[in-house]
Amino acid sequence: MPTIAVLGLGEAGGAIGGDLVAAGAVVRGYDPAVPAPGGMTAAGSEAEAVAGADLVLSVNSSHDAPAALRAGVGAAGAGVVWADLNTASPGLKRELDAAARAAGVRFADVAIMAPVPGRGLRTPMLACGDGAGDVRALLGPLGASVEVMDAAAGEAAGRKLLRSVFFKGLAGSVVEALEAARAAGCEDWLRQNIVDELAAAGDATVERLVTGTYRHAVRRAAEMEAAAAMLDELGVPPTMSTASRDLLERLSS
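Residues numbered from 1 in each chain as written. Predicted model: local features only at pLDDT ≥ 70, side-chain atom pairs only at ≥ 80, totals over all residues. Heavy atoms only, no water.

### Let's talk about the packing of helix α3 (residues 65-72) against helix α4 (residues 90-102)
In the contact formed by α3 and α4, the axes pass within 10 Å of each other and the chain directions differ by 5°. Considering their axes alone, α3 and α4 lie roughly parallel with respect to each other. In contact with Ala65, Pro66 and Leu69 of α3, α4 contributes Leu92, Leu96, Ala99 and Ala100. (Axes fitted to C-alpha atoms, helices over the stretch in contact; angles between N-to-C directions. Helix = DSSP H or I, 4+ residues; strand = E, 2+ residues; numbered from the N terminus. Parallel < 35°, antiparallel > 145°, perpendicular 65-115°, else oblique. Contact = heavy atoms within 4.5 Å.)

### Points about the nonpolar core
Ile4, Ile16, Leu20, Leu57, Leu85, Val135 and Leu139 are the most contacted members of the largest nonpolar core, which has 27 residues in total. Those elements giving two or more residues to this core turn out to be β1 (3-7), α1 (11-22), β4 (55-58), β5 (81-84), β6 (106-112), β7 (125-128) and α5 (132-139). Setting aside residues up to four positions removed in sequence, Ile16 forms contacts with Leu57, Leu85, Ile112, Val116, Gly120, Leu121 and Met125. The next biggest cluster of nonpolar side chains, apart from the first, holds 21 residues, and it includes Ala49, Val50, Leu92 and Phe107. (Core = buried A, V, L, I, M, F, W, Y, C linked by side-chain atoms within 4.5 Å. Buried < 20%, exposed > 50% of the residue type's maximum accessible area, 1.4 Å probe, protein only.)

### Some points on empty space enclosed by the protein
To find the voids left in a structure, one rolls a probe of water-molecule size over its atoms. Applying the stated rule across the entire model yields 1 cavity of 30 Å³ or more. Quantified by volume, the largest cavity comes out at close to 40 Å³. Lining the largest cavity, in full, are Asn86, Thr87, Ala88, Lys93, Asp109, Val110, Ala111, Ala157, Lys160 and Leu161. Mapped onto the lining of the largest cavity, the elements with two or more residues apiece are β6 and α6 (155-184). (1 Å grid on protein atoms, 1.4 Å probe; cavity = no way out; pocket = protein on both sides within 12 Å on 5 of 7 lines; lining within 4 Å. Points joined across faces, edges and corners; volume = space filled by probe spheres on them.)

### Things to note about the pattern of salt bridges
Applying the stated criterion across every chain yields a total of 10 salt bridges. Between Arg182 and Glu187 there is a salt bridge, with its nearest N and O atoms 3.0 Å apart. A residue is classified by how much of its surface remains accessible, and Glu187, at 18% relative accessible area, is buried. When salt bridges with common partners are traced through the structure, they connect Asp84, Lys93 and Asp109 into a single cluster. (Salt bridge = Lys/Arg side-chain N within 4 Å of Asp/Glu carboxyl O.)

Structure follows, in structure tokens:
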């Protein structure tokens, strides 16, 4: 069984590391703020966790990822792959790839494509970079679902963030709309309306949204200006509504 270093033992790293232990892997865990859970070998530093590992999973944060790589990459042995699972920009992933290459270590940009709680190691992952195939080869037999892209580091991160523009934007709009509906006394009605629209969505829905937005940008910008004014009257900050208005105004110019 492989020896895997897990750097970052928060919600994602702890769940993935725990599943690796359950699958029989030797897991060395390090987090300066979170103790290694039972079954893992606790390391005192990034370098101690990385030394002798077959695979390094950096699951801390995009802010901490460069420092973690600098602190641990020098201890990596021949053939090890440094896999960065953090949600980061494509540019940062390319910087991490370059830093790993400079140290003689292969790198994999791994994007976690769904929430980890409840899925753990089985959370779908998208990987690219020189070490992506090795990530799948090592984690696949342990229960992971890793799709490999034939692309340079940064591409997987970009795909994830493009999805985030949609999903997080949708979530923000739903939250704002329901907050306003609650203030207006019709939250249940609007919630059911949203459920019905999402349940009926398909290819035609996406095409209608895109085509209609461009075709009717002027009218819809005015509509969202009115919606933003209504939210102000209800005491709800119109963050998503004004953003939609601004987008529509840009498209209509």
